[in-house]
Amino acid sequence: MLNFRNTTIGFLLLLAILIYLHFQHGWHWYGFFILVMVYKLLLFYGSFYIGSNFYMPVICKGVTDKKQVAISFDDGPLEKYTPEVLAILKERQVPATFFCIGYRAAEHEVLLKQILAEGHIVGNHSYYHDFWFDMHGAKRMTAELQQMQTLVHHITGREMKWFRPPYGVTNPGVRKAVKAMGYTAIGWNVRSLDTMIKDEDKLLQKVEKELKPGAVFLFHDTSHATAHILPKFLTFVKEAGYEIVSLDKLINLQPYA
């Protein structure tokens, strides 16, 4: 299995062999360069492809042949689009999971409570979600996750058990923080790219063609395009014979302690 531990062991063994061959048979140094570059590429792949399970277990889909999928929203809550998304979900009676950012939840407590009151799940998406989150040490990451955990518990009484890494990036520090908090890491296997695709028709076409049993869709309740295509997407899913179920049902895991 390709993971950080096995890859590092393999790298060290090959490095030892190359050192032996260099001193015993005069092998050129470029072999070391190639080995290091391959190792770095594997680390990059493991960090930025959340479904690789390279550094840590991450649940990215439901294991099912049934026509069931789940939808999730990251980075809220915000006054601009979260209420619109919630209204659409309520009208269609569709459950979702919201991986919220701490400081935004602190600013919009009413929306956080509304998300839960309307039957949706709330997960931890860090407190600040800053660009350098994955570059912090495990201790600082853990403190930030705890800050978000304390906030949500204070507002709602819930003890979250799910964490979605900011930007979907994982590494040994993230793994340590997740383990320290007793969390389950949750990813996705359909990334809408709604923060980049501004053309609503293209965005809708992208998510529609990736509909498949067990899919976990990643949207953002901070996106204008998502709020606008959501009704059409929900209609498409229903007409295709699929059911949108709560994420805890799809992956068979409890979201709260």
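Preceding this section is the structure that the text describes.
The structure reproduced in this document is the subject of the present report. In this text, all values refer to a predicted model and were calculated from it rather than measured experimentally.

For Phe 48, the position within the fold is in helix 2 (residues 30–48). The spatial distance from the C-alpha of Phe 48 to the C-alpha of Lys 139 is 21 Å, given a sequence separation of 91 residues.

Along the chain, the position of Ala 143 falls in helix 6 (residues 138–156). Judged by relative accessible area, which is 47%, Ala 143 ranks as partly exposed. In this structure, the C-alpha to C-alpha distance between Ala 143 and Tyr 39, residues 104 residues apart in sequence, is 30 Å.

Turning next to the side chain of Lys 206. Among the secondary structure elements, Lys 206 is positioned in helix 8 (residues 200–209). Overall, the relative accessible area of 16% leaves Lys 206 in the buried class. A polar contact of 2.6 Å, which involves the side chain of Lys 206, links it to the backbone oxygen of Arg 191. In this structure Lys 206 touches Arg 191, Ser 192, Leu 193 and Ile 197, once residues within four positions along its chain are discounted.

For the rest of this paragraph, the subject is the nonpolar core. Counting 77 residues, the largest nonpolar core has Ile 71, Phe 73, Leu 89, Phe 98, Phe 217, Phe 233 and Leu 234 as its most contacted members. It is helix 9 (residues 224–239) that provides the largest number of residues to this core, a total of 7 residues. Sequence-distant contacts of Phe 73, that is, excluding residues within four places in its chain, are made with Val 85, Leu 89, Ala 96, Thr 97, Phe 98, Phe 99, Phe 219, His 220, Asp 221, Thr 226 and Leu 230.

It is worth spelling out helix 7 (residues 172–181) at this point. Three or more residues of helix 7 are buried, namely Gly 173, Val 174, Ala 177, Val 178 and Met 181. All buried residues of helix 7 project into a common sector of 135 degrees when viewed along the axis, lining one side. In helix 7, the exposed positions that point more than 90 degrees away from the buried face belong to Lys 179 and Ala 180. Taken together, the buried residues of helix 7 touch helix 6, strand 5 (162–163) and strand 6 (184–186).

A few words on the pattern of salt bridges. Throughout the structure, instances matching the rule amount to 2 salt bridges. In this structure, Asp 74 and Arg 164 form a salt bridge, with 2.8 Å as the shortest nitrogen-oxygen distance. Of this pair, Asp 74 sits in strand 2 (residues 68–74) while Arg 164 sits in the loop between strand 5 and helix 7, and the two are 90 residues apart along the sequence. Judged by relative accessible area, Asp 74 falls into the buried class, the value being 3%.

Here the focus is the packing of helix 3 (residues 82–92) against helix 5 (residues 109–117). Close contact between helix 3 and helix 5 brings their axes to 11 Å; oriented N to C, the two are set at 15 degrees. Between helix 3 and helix 5, the angle falls in the class roughly parallel. In terms of crossing hand, the pair formed by helix 3 and helix 5 is left-handed. Two secondary-structure elements touch here, helix 3 through Thr 82, Pro 83 and Leu 86 and helix 5 through Leu 111, Gln 114 and Ile 115. When grouped by side-chain class, the residues that make up the contact of helix 3 with helix 5 number 4 nonpolar, 2 polar and no charged.

On to a nonpolar patch on the surface. A cluster of nonpolar side chains, namely Tyr 30, Phe 33, Ile 34, Met 37 and Val 38, defines an oily patch on the protein surface of about 530 Å² accessible area. Judged by relative accessible area, Tyr 30 falls into the exposed class, the value being 56%.

Conventions used here
- Residues numbered from 1 in each chain as written.
- Predicted model: local features only at pLDDT ≥ 70, side-chain atom pairs only at ≥ 80, totals over all residues.
- Heavy atoms only, no water.
- Helix = DSSP H or I, 4+ residues; strand = E, 2+ residues; numbered from the N terminus.
- Buried < 20%, exposed > 50% of the residue type's maximum accessible area, 1.4 Å probe, protein only.
- Polar contact = N/O pair within 3.5 Å; in protein donor to acceptor, adjacent residues only side chain to side chain.
- Contact = heavy atoms within 4.5 Å.
- Core = buried A, V, L, I, M, F, W, Y, C linked by side-chain atoms within 4.5 Å.
- Arc of directions from axis to C-beta.
- Salt bridge = Lys/Arg side-chain N within 4 Å of Asp/Glu carboxyl O.
- Axes fitted to C-alpha atoms, helices over the stretch in contact; angles between N-to-C directions.
- Parallel < 35°, antiparallel > 145°, perpendicular 65-115°, else oblique.
- Left-handed = near helix turned anticlockwise from the far one by under 90°.
- Nonpolar A, V, L, I, M, F, W, Y, C, P; charged D, E, K, R; others polar.
- Patch = residues over 30% accessible without salt bridge, like charges linked within 9 Å, V, L, I, M, F, W, Y side chains within 5 Å.
- Areas by Shrake-Rupley, 256 points an atom, 1.4 Å probe, with all protein chains shown as cover.

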